[in-house]
Amino acid sequence: MKTSPRIQLFPHTTRNKTTRSGNQLTIAGCDLTELADQYGTPLYVYDAATLNAAVQSYQLALTQFYPGHAGITYAGKAFLSLAIAQWTQRHNLWVDCTGLGELRIAAAAAVPKERTLIHGVNKSPQVLSTGISQAGTIVVDNLTELERLKTLAQSNPTNIPDIWLRFRPGAAVETHAHIQTGQHDSKFGMSGQEIVQAAHICRANKLPFNGLHFHLGSQFHIPDPIEHAIRRTLDLAEELQMGADWTLCLGGGWGVPYHEDDLPHASIEDFVHFSAGIVVDGCTQRGIPLPRLQLEPGRSLVAQAGVAIYRTGTIKHTPERRWILLDGGLADNPRFALYQARYSALPIVEPLRPNADSAWLAGPFCESGDVLIEALPFPEIDPGELIAIPVSGAYQLSMASNYNGATRPAVLWLEDGQATVIRNRESPDDLIRHDKPLPNSSTNFSSVLFHKFHGLGNDYIVVREDDLETPFTPAQIQQICDRQYGFGSDGIALDCSKPKDDFFTVRFFNPDGSEAEKSGNGLRIFARYLWDAERVGLEAFQIMTPGGEVRALVHQGGESVTIEMGKADFDSRQIPTEGAHRESINEMMLIDGQELTYCVVSMGNPHCVVLCDEISVEDAKKWGPLIEKEARFPNRTNVQFLKVIDRDNIQIEIWERGAGYTLASGSSSCAAAAVAHRLGLCDGDITVHMPGGELEISIGENFDINMAGPVAKVWQGNISEEVFDDLTTDK
Ligand code: LLP
């Protein structure tokens, strides 16, 4: 192969070969022309072999040059997707996540807790709380954040992640000013004095503080300033008497060559050799234990593996410039606009043809800053030809935008001659997925966003009332909840909250279209929906329902919700049940020749709890509908069949008013637990076992009831109005 310095910028498996498409660049044995034809352009490809080689360079260098324990964290901000997060786990890398989105991707890829680390300069309460349940390490940026973490840790003292403190060492690396982070006036990290204060707060509050971190900036090539930063951090480690298991994290930032003029470039080995040497030397001088050395590269792990492929549309000549106009630019790669980043490029077919005059490679977007490369010596090229830009793996897709309605590119994973789509190209429909029409507008925008959650055997669809042009009819609710023709759900929670209120409002609908006053599982689901939309934080909040108001608290990063369900009321008028005003306890009814003992209780909605020695699905399905419609309950009732197991456990089968046999129900659990407690058969903390799962109910004085249980998000999408077509034509 004829070599060109430009080819050296490409992934290691890049070849210039004769293929069916002519003499052209291939990567990992894949024909780039065929891929561009098949998947469209702009197209991003990642070469697995180059990704793996970068990890190996770090690993080998750490083994060779650092005598202590060491590890590598991948800084996800460079580019995180499900597949990339999975790839990190092939190498047991830690993953640095900034924000809920990156945490979500890491969770989806099953990155284990001990390898999940959280960064961020102004972490939201949601990030901190999710971090406590999902991350093994939180890098604390400032004292305010530490106070928040302290409060969270007090209410959830088990399993607190390790805490590292981010130091601002006052050292500037040579790079673009926008990506320097360690200088004195940077918004990131804490001064030395603040670090000492933070360490004392951690120790006084038994927070597991065991690491120091700094990060000087990104895309630097001269490692020297890191020496000052390491020595200042070791001074702090000495002053704070860090124990033998302490970690020193040097951040990331090592640069990569983007252009042939950047070659030769100091290697990852050179960088690790330099840094590790200073750590060892500094610790020896101070007589302090050698830390675990953690590196945190982003760009230098993924940049070279990524290549962006564009198709040329127009060639234009202006007095001083030859413009090659491509089908991508600023929207998928804003790095020239932001940092004057200097890239290189090759045509994909006949890549080594001789260069003609310099060219300006630019995109289709309405902005003169939409340039990818300026003044690059480049061959003559025709409209329609493909162009590849190497070193496109870092901070391009992660900073991509929808400017001018651009749709983000598809991404392929290339390994052993195989190309696999790891991200689909966005579609124009994706651009209006979260949009809503103006009120009372006559647009035929005909879909409504729904969120589906699972809350223990029950699933609910949450929809905003404001999104509906007209309220759902009972027939439409039946249609949506239908498990064959519709979406399948045990009910609909309608978010009726008004922005001016300091509480939230919800109405619940059963799958038969009738309205329920209150639903325990529905309330947990509604609380989680509010949390996901960042409309609530770590404090308890108020939800209004037609069955009364409740308070809710989301914890464990959204995975669990506690609802204060209000009082269990045994007053017969509340149900209502016919006959004289009384406490409806241990009454008898004769149904179908069978004598049943029952109690009646209101949880904001009516419940009839039947006491049984044994319970079964068959009995619930047989007696449930008869009791629901029994004449003594003019508003009909929910029914539970209760078996007391011991003083802390009960088991129930449920027949829900309007819904029928149900695997799990929150308010039914509360009602049954309240009855078991009222009859003196159980104490105040009761686990309710249902076929669909378990809920924890605690009953306070005056029968105030708290219910805690899990919620998981299932799906989010649009309800198309077509689902109602055959109904609306009937009208
Ligand atoms: N650790 C921390 C705390 C960071 O803030 C960063 C990057 C890294 C690690 C990874 O640095 P790397 O090894 O990737 O240089 N958008 C800019 C780069 C911003 C870097 C921000 N922090 C660009 O396109 O050049």
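What counts and what doesn't
Throughout this document, residue positions are counted from 1 along each chain, in the order its sequence is written. A pLDDT threshold of at least 70 governs which residues receive local features in this predicted model, and a stricter bar of 80 or more applies before side-chain atom pairs are shown or counted, although totals over entire chains, interfaces and linings include all residues. Values reported for side chains reflect all heavy atoms of the structure, with hydrogen atoms and water molecules removed beforehand. Only DSSP runs of H or I with at least four residues qualify as helices, and only runs of E with at least two residues qualify as strands; both kinds are numbered from the N terminus onward. Burial status follows relative accessibility: with a 1.4 Å probe on protein chains alone, a residue under 20% of its type maximum counts as buried, one over 50% as exposed, and anything between as partly exposed. Two residues form a contact once any of their heavy atoms are found within 4.5 Å. Here a patch means residues that are over 30% exposed by relative accessible area and free of salt bridges, tied together within 9 Å if like-charged and within 5 Å if nonpolar (Val, Leu, Ile, Met, Phe, Trp, Tyr). Surface accessibility in these figures is a Shrake-Rupley result with a 1.4 Å probe; residues are shielded only by whichever protein chains are displayed. Salt bridge, as used here: a side-chain nitrogen of Lys or Arg that lies within 4 Å of a carboxyl oxygen of Asp or Glu. Under the counting rule used here, the positive set is Lys and Arg, the negative set is Asp and Glu, and His together with the chain ends is not counted. The atoms used to mark charge sites are NZ of Lys, CZ of Arg, CG of Asp and CD of Glu. Think of it this way: DSSP has to see at least two bridges between two strands before they count as a pair. The handedness rule is simple: strands pointing away from the viewer, and a clockwise path from the first strand over the helix to the second, make the crossover right-handed. To be near a molecule or strand, a residue needs just one of its heavy atoms within 4 Å of it. Throughout this description, a polar contact denotes any pair of N or O atoms lying within 3.5 Å of each other; where both atoms belong to protein, one of them has to be capable of donating a hydrogen while the other can accept it, and for residues adjacent in sequence the pair is counted only when both atoms sit in side chains. Lining residues are defined by having an atom within 4 Å of a point belonging to a cavity or pocket. Those points lie on a 1 Å grid over the protein atoms alone, cavities being sets where a 1.4 Å probe fits but cannot get out and pockets being open sets with protein on both sides within 12 Å along at least five of seven lines. More than half of a molecule's atoms within 2 Å of the grid points is what it takes for that molecule to sit in a cavity or pocket. All residues other than Ala, Val, Leu, Ile, Met, Phe, Trp, Tyr, Cys, Pro, Asp, Glu, Lys and Arg, Gly among them, are scored as polar; the first ten of these are nonpolar and the last four charged. All axes here are fitted lines through C-alpha atoms, helices being fitted over the stretch that makes contact, and every angle between N-to-C directions spans 0 to 180 degrees. Working definition of a nonpolar core: buried Ala, Val, Leu, Ile, Met, Phe, Trp, Tyr and Cys residues. They are joined through side-chain atoms within 4.5 Å. Where each domain starts and ends follows an automatic or database-derived domain assignment. We define buried area as the total accessible area lost by two parts upon association, computed with a 1.4 Å probe and summed across both. Grid points are joined across faces, edges and corners, and a volume is the space filled by probe spheres set on the points.

Caption draft 1: Spatial organisation of the overall build of the protein. Looking only at helices and strands, the protein features 18 helices and 38 strands. C-alpha atoms of the protein, sized along the principal axes, occupy 100 × 70 × 45 Å. Buried residues in the protein amount to 55% of all 731 residues. In the protein, the proportion of contacts linking residues at least 24 apart, taken out of those at least 6 apart, comes to 67%.

Caption draft 2: Quick look at a negative patch on the surface. A cluster of acidic side chains, namely Asp646, Asp648, Asp685, Glu694 and Glu696, defines a negative patch on the protein surface. Relative to the assigned elements, Asp648 resides in the loop between strand E32 (638-646) and strand E33 (649-656). When its relative accessible area of 38% is taken as the criterion, Asp648 is described as partly exposed.

Caption draft 3: Representation of the pairing of strand E9 (residues 162-166) in the model. The element E9 is extensively covered by neighbouring structure, given that 4 of its 5 residues are classed as buried. Relative to E9, strand E8 (residues 137-140) runs parallel, the two sharing 4 bridges. Considered in E9, the bridge of Val139 is made with Trp164. This β-α-β element, E8 to helix H7 (residues 143-155) to E9, shows right-handed connectivity. Strand direction decides the pairing type here: E9 and strand E10 (residues 209-213), joined by 4 bridges, are parallel. Along E10, the bridge assignment pairs Arg166 with His213.

Caption draft 4: Spatial organisation of the site of the ligand. In the vicinity of the ligand lie 19 residues, with Ser218, Glu296, Arg299, Arg335 and Tyr395 positioned nearest. For the ligand, a nitrogen atom lies 2.6 Å from a polar atom in the side chain of Glu296. The protein chains hide 92% of the 580 Å² of surface that the ligand would expose on its own. One can see that the ligand is located within the second largest pocket. Across the shell around the ligand, the residue classes tally to 6 nonpolar, 8 polar and 5 charged.

Caption draft 5: The sheet that holds strand E6 (residues 94-98), seen in detail. Strands sit in the order E5-E6-E7-E8-E9-E10-E11-E12 around a closed barrel of 8 strands; the barrel is parallel. On average, each strand axis in the sheet is inclined to that of its neighbour by 25°, with strand direction left out of account.

Caption draft 6: Inspection of the nonpolar core at higher detail. One finds Tyr46, Tyr58, Tyr74, Leu165, Leu293, Leu301 and Val302 to be the most contacted residues of the largest nonpolar core, which totals 107 residues. Both domain 1 (5-47 + 306-426) and domain 2 (70-302) contribute no fewer than three residues apiece to this core. In contact with Leu301, other than residues within four places in its own chain, are Leu51, Ala54, Val55, Tyr58, Ile72, Tyr74 and Leu93. In this structure, Leu456, Leu530, Met565 and Val601 belong to the second largest nonpolar core, which totals 55 residues.

Caption draft 7: Structural context of the domain arrangement of the protein. Each assigned domain of the protein is listed here: domain 1 (5-47 + 306-426), domain 2 (70-302), domain 3 (431-551) and domain 4 (567-709). Here domain 1 and domain 2 have C-alpha centroids that lie 33 Å from each other. Facing 24 residues of domain 1, the contacting portion of domain 2 comprises 22 residues. Carbon and sulfur atoms supply 60% of the area that domain 1 and domain 2 bury against each other, a total of about 2100 Å² over both sides.

Caption draft 8: Examining empty space enclosed by the protein more closely. Taken as a whole and assessed by the stated rule, the structure comprises 1 cavity of 30 Å³ or more. Estimated volume of the largest cavity: approximately 130 Å³. Contributing elements (two or more residues each) for the lining of the largest cavity: helix H15 (520-532) and helix H17 (666-678). The residues that make up the lining of the largest cavity include at least three from each of domain 3 (431-551) and domain 4 (567-709).

Caption draft 9: Here's a closer look at the layout of surface pockets. The calculated volume of the largest pocket comes to roughly 1600 Å³. If you go around the largest pocket, you meet 41 residues; those closest to its centre are Gly101, Arg104, Ile105, Ala108 and Gln716. By residue number, the principal contributor to the lining of the largest pocket is helix H5 (residues 99-108), which donates 8 residues. Of the residues that constitute the lining of the largest pocket, the class distribution is 13 nonpolar, 15 polar and 13 charged. Put simply, the second largest pocket is a space of about 640 Å³. If you go around the second largest pocket, you meet 33 residues; those closest to its centre are Lys77, Thr181, Phe188, His215 and Tyr395. For the lining of the second largest pocket, the elements supplying multiple residues, two or more each, are E6 and helix H12 (335-339). Looking at side-chain class alone, the lining of the second largest pocket contains 10 nonpolar, 16 polar and 7 charged residues. Counting only domains with at least three residues in the lining of the second largest pocket, you end up with domain 1 (5-47 + 306-426) and domain 2 (70-302).

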